[in-house]
Structure formats: structure tokens, C-alpha cells
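# Chain and residue survey
Below, each chain spelled out in residue letters.
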Amino acid sequence: MNDMSALYSMTSGTGSPLGELDIARIRADVPILRQQVHGKPLIYLDNAASVQKPKAVIDAVSECYTGYYSNIHRGVHLLSERSTAAYEGARGKVRAFLNAASAREIIFTRNTTESINLVASSFGGSRVHAGDEVLITGMEHHSNIVPWQLLCERTGAKLKVVPFTDAGELILEEYERLLDSGPVRLVAFVHLSNALGTLNPAKQMIDLAHARGIPVLVDGAQSVPHLAVDVRELDCEFYAFSAHKIYGPSGVGVLYGKQALLEAMPPYQGGGDMISLVTFEKTEYAELPNKFEAGTPNIAGVIGLGAALDWLNAIGLDRVAAHEHALLEYATARLDEIPGLKIMGAARDKAALAAFTLEGVHPHDIGTILDREGIAVRAGHHCAQPVMQRYGVPATARASFAVYNTRDEVDALVAALWKVKEMFDL
Ligand code: C6P
């Protein structure tokens, strides 16, 4: 926590460490929350898809473009120096945020999806061969399935999948069995499931893989906005996330990778900024992290990510996690009051979201009717179709929380769901 955390200091007596005044201040920081939709105040509960942006982030992006924007790493002029310093400063903030050992271990990409594709292509392409196995879990987002399928198609390797229980918890005995049952070259699993809210036992899973000498990639797209992540404590080889889910701009992703591994991996893409010398005969690649950042990156977006991390750190991730936990507990209890509503995912360790079905109503209808009430939720398969297949449903409605959400908003959601039932005569 830094000095600004004193701004957010009252306790609420609702299980949340953030009092009403704190939440009011946090909400005041996020301009879009003052919008109306369909003539009603916006209640934004689609944070797992993408979170809304604090003014500090919007300002950082705008100040970059209005004050000092230029391309980075290239010019000797003042603007280029300033842009480079701000861009590399943001890399330093990400390093500190993840507690990575070095800023060289932080690669900027476009999003989580590209971070995972980078590893599948570069690490997978050089280390995974015919007959080898890649182990994922049954609750992965498509972004942590399809890149491995592509790799397996290319190499003749096999994709193995760890199953999970009806409650949405990975079956760890099966995980261990699969780790031992073939030549697994990489484990890739989601830290916090976007479809179930399950918080997987990342440290335990990484230790189990390491005991067998197997490297691990963690998909942190949903976890980083909700809990403090320490990559050195986790000891994972790779950790991927997106800026847009952690109060930053869209179009920026992060890949953390252990330095020795990144150094040994071939480049993912070729082009400008990732080289030290090019001739027609041969190219020498740049040092980390540039080796993996070909072409002009999203400069202002990266700087915006740095501002987002400052904003979140000022509140304190421990308090964010506790607030959202209290909110989820409250939401779960209130949603459970509605007959015919079934929450999908009841893991003991769960965070940030409640996905549900309502008997007799298609999730898309739920989403459309809630929208008319000013409430934004996501309805669909959440890019996790195998999870839907596991439960035999086509889709769910999902309310997902951010630090700015309140109990009143949960009450409004519940009231609107009662309206949905009335409309369908249920
Ligand atoms: N999930 C959701 O509504 P990108 O699109 O690359 O920023 O993130 C992909 C991704 C990867 N892993 C997990 C666990 C995710 O939840 C997501 C994005 C959004 O759930 C959009 S589909």
C-alpha cells in the first residue's frame, strides 16, 4: 500500500474493509459510472469481460498524446526520450506489481491471448514434440485451449485435460495422475476461472508440476484485478494477463516469464525493435524484453496500464479482495433466495463473480431484460464452451464484480431478476 491508501480508510461493518465513503470516492474516480443507460443509472456488473477505467488512467493516456507522445527506443529527441522513459517506467510498475525479479521478465503484448500464443509458439514450438503432452484443465478460457491445440496439431503432441467436480473444483488426484501418465512438457491453467469464479490452488499445482520438472504457465487474466499475485512466490515459469481487466486500457497485455527461459526461447515475431543487427545473411536479436516486442507497441496503452496499477495499489489489493469477497458472499446469498436460480460454480475458494441460470429463461433474455433496467451483465458461454458442455447448458448469465460495485447494486440485480421471473410468469 502506498500513501494514497489513507484516502480509502473507513470500515463498513458489512464484512468489507471499504466503507461507504471509500466506495463513493472510488466510484467518483471512474467517470463512466455516472452514465445512465435506458434512462437508468448504470449498474456495471460485466467486469470480468472488461473493467471500467479510472480518470487517472484516461488522463495518463491523454497526457501522453497531448504532452510528450513519440515512438520509443528510436529517437534521440526529447519527446522520444520522454515516451521511452514513461513506457519503461510502466514496465517497472508491472515488475513491482508481480514482484518479478527483473523488468526484463516483463513482456508487453496485446492481451492475455497473445501472451499465451507467444508461449505456445515460441516455448512450445521449440520444446514440444510428437508424442509429448501439454496439460490444461477443463475450466480454461478458449485462449488457454486453442493455442495449445494449434501447437499439438503442428507437432503431433497431445492435449490432456484435468477434470473438475460439480462444485467447480479441479480434481487434484487426477491432476497428479495426468502429470505422471505421459511426457508432459508444459502445464497451463487458469488462476481464477471466468466461467465459474473458481480460484485454483496455483501454488500447490505449480509445486506438483515442478516436483516432476514440468514448467507451468498461469492464465492470470481474471486473477490480477482481484488478488495480490507474487510470481516469485508462485514460482511459475509464465504468468499472463490483460491490462483492460485491471482498470487499464484495452490493447495491452503482459507476459511474465522467467529470464533464463525467455532468453533461451526463439523470438515470437520478427521486425523492428527486436533486433540488434540485421543483415541479409543473419539477424542478431535484441536483449530481453525487446526480443519479444517486435514493432511499435501500444505506447500510450502501456503508460495507461502503469497508471491503473498506481490507482489499484493506492486502494490496496488486500482491501479490494476483501471488499469483493464480502460482495460475492452477499450476492450469493441474495441470488440463492430466487427460486429456479442456480449458481454455476460453488468452489470453496471462489472470487469475483456469480454465473447462473434461471429455470425457464434463456440467459440471453436475462441479459436483455437486465439491460433495460440499466444493469450490464454478460450472457453467453464466456469463451469457455467446454465448461458449458460439462454442465450441459448452452450459456449462463454472469454478474462479475469490481472494487467499485456496491451492495445496493446487488440488490438492484436481485430485484431485476424477480422482475424477469414475473415477465415469464415463473
Ligand atoms: N475473458 C470474459 O468475459 P483477452 O481477450 O486476451 O484480454 O483475455 C482472454 C481471457 C483469457 N483467460 C481468461 C480466464 C479470461 O477470462 C479471458 C477473457 C472475458 O470472461 C472475455 S471472453
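The structure contained in this document is the topic of the report that follows. Given the structure is predicted, the values throughout are model-derived calculations rather than measurements.

## Topic: the side chain of Lys421
As for its placement among the helices and strands, Lys421 is situated in helix H14 (residues 407-423). For the buried Lys421, no salt bridge exists, and the shortest N-O distance to an oppositely charged side chain is 7.4 Å, to Glu359. In this structure the side chain of Lys421 is engaged in a polar contact, spanning 2.7 Å, whose partner is the backbone oxygen of Pro339. Discounting residues that sit within four places of it in the chain, Lys421 has contacts with Ile338, Pro339, Leu358 and Leu426.

## Remarks on the pairing of strand E5 (residues 133-137)
For E5, a buried count of five out of five residues is recorded, marking the element as mostly surrounded by other parts of the structure. Going residue by residue along E5, you find Glu133, Leu135 and Thr137 tucked away on one face and Val134 and Ile136 tucked away on the opposite face as well. Alignment of E5 against strand E6 (residues 158-162), held across five bridges, turns out to be parallel. Among the inter-strand pairings, Leu135 is bridged to a residue of E6, identified as Lys160. Once you follow E5 into helix H5 (residues 146-155) and on to E6, the crossover reads as right-handed. Bridge count between E5 and strand E7 (residues 184-190): three bridges; the pairing is parallel. When the bridges of E7 are listed, Glu133 appears paired with Val184.

## Quick look at the site of the ligand
Around the ligand, the structure places 18 residues, and the nearest of them are Thr113, Asp219, Gln222, Ser242 and Arg378. Take Thr112: an N or O atom from its main chain is 3.4 Å from an oxygen atom of the ligand. Between the ligand and the protein, one listed contact pairs an oxygen atom with a side-chain N or O atom of Gln222 at 2.7 Å. Coverage of the ligand by the protein chains reaches 90% of its 510 Å² of free accessible surface. Classifying every residue of the shell around the ligand by side-chain character gives five nonpolar, nine polar and four charged. Structurally, the shell around the ligand is a two-domain feature, drawing no fewer than three residues from each of domain 1 (3-53 + 316-423) and domain 2 (59-312).

## What to know about the pattern of salt bridges
Under the defined criterion, the tally for this structure stands at 23 salt bridges. Two residues, Glu287 and Arg104, come together in a salt bridge whose shortest N-O distance is 3.5 Å. A residue pair is termed long-range when its members are at least 10 positions apart, and Glu287 in the loop between strand E12 (283-285) and helix H10 (299-315) and Arg104 in the loop between helix H3 (78-98) and strand E4 (106-109) qualify at 183 residues. Overall, the relative accessible area of 55% leaves Glu287 in the exposed class. Close ionic contact of Asp207 with Lys203 constitutes a salt bridge, the shortest N to O distance being 3.1 Å. Of the two residues, Asp207 and Lys203 both sit in helix H7 (residues 202-210), four residues apart, roughly one turn of that helix. Bridged by salt links that share partners, the residues Lys40, Glu373 and Lys419 form one connected network.

What counts, and where the lines are drawn
Along every chain, residues carry numbers that run from 1 in the direction the sequence is written. Where totals are concerned, whole chains, interfaces and linings use all residues; where local detail is concerned, this predicted model gives features only for residues with pLDDT of at least 70, and gives and counts side-chain atom pairs only at 80 or more. Excluding hydrogens and water, the side-chain values take into account all heavy atoms of the structure. Segments assigned H or I by DSSP are reported as helices when at least four residues long, segments assigned E as strands when at least two residues long, and all are numbered from the N terminus. Residue exposure (1.4 Å probe, protein chains only): buried if accessible area is under 20% of the type maximum, exposed if over 50%, otherwise partly exposed. Neither His nor the chain termini are counted; the positive set is Lys and Arg, and the negative set is Asp and Glu. Think of a salt bridge as a Lys or Arg side-chain nitrogen and an Asp or Glu carboxyl oxygen that are within 4 Å of each other. The definition of a polar contact used here is a pair of N or O atoms within 3.5 Å, where within protein one atom must be able to donate a hydrogen and the other to accept one, and adjacent residues in sequence count solely through side-chain atom pairs. Contacts are assigned to residue pairs that have any heavy atoms within 4.5 Å of one another. We call two strands paired when DSSP finds no fewer than two bridges between them. Place the viewer so that the strands point away; then a crossover is right-handed whenever the path from the first strand over the helix to the second strand goes clockwise. Proximity criterion: a residue is near a molecule or strand once any of its heavy atoms comes within 4 Å of it. The protein chains shown are the only cover counted for residues, whose accessible areas, like all others here, come from Shrake-Rupley with a 1.4 Å probe. For this classification, the nonpolar set comprises Ala, Val, Leu, Ile, Met, Phe, Trp, Tyr, Cys and Pro, the charged set comprises Asp, Glu, Lys and Arg, and every other residue, Gly included, is treated as polar. Segmentation of the chain into domains, including their bounds, is taken from an automatic or database domain assignment.

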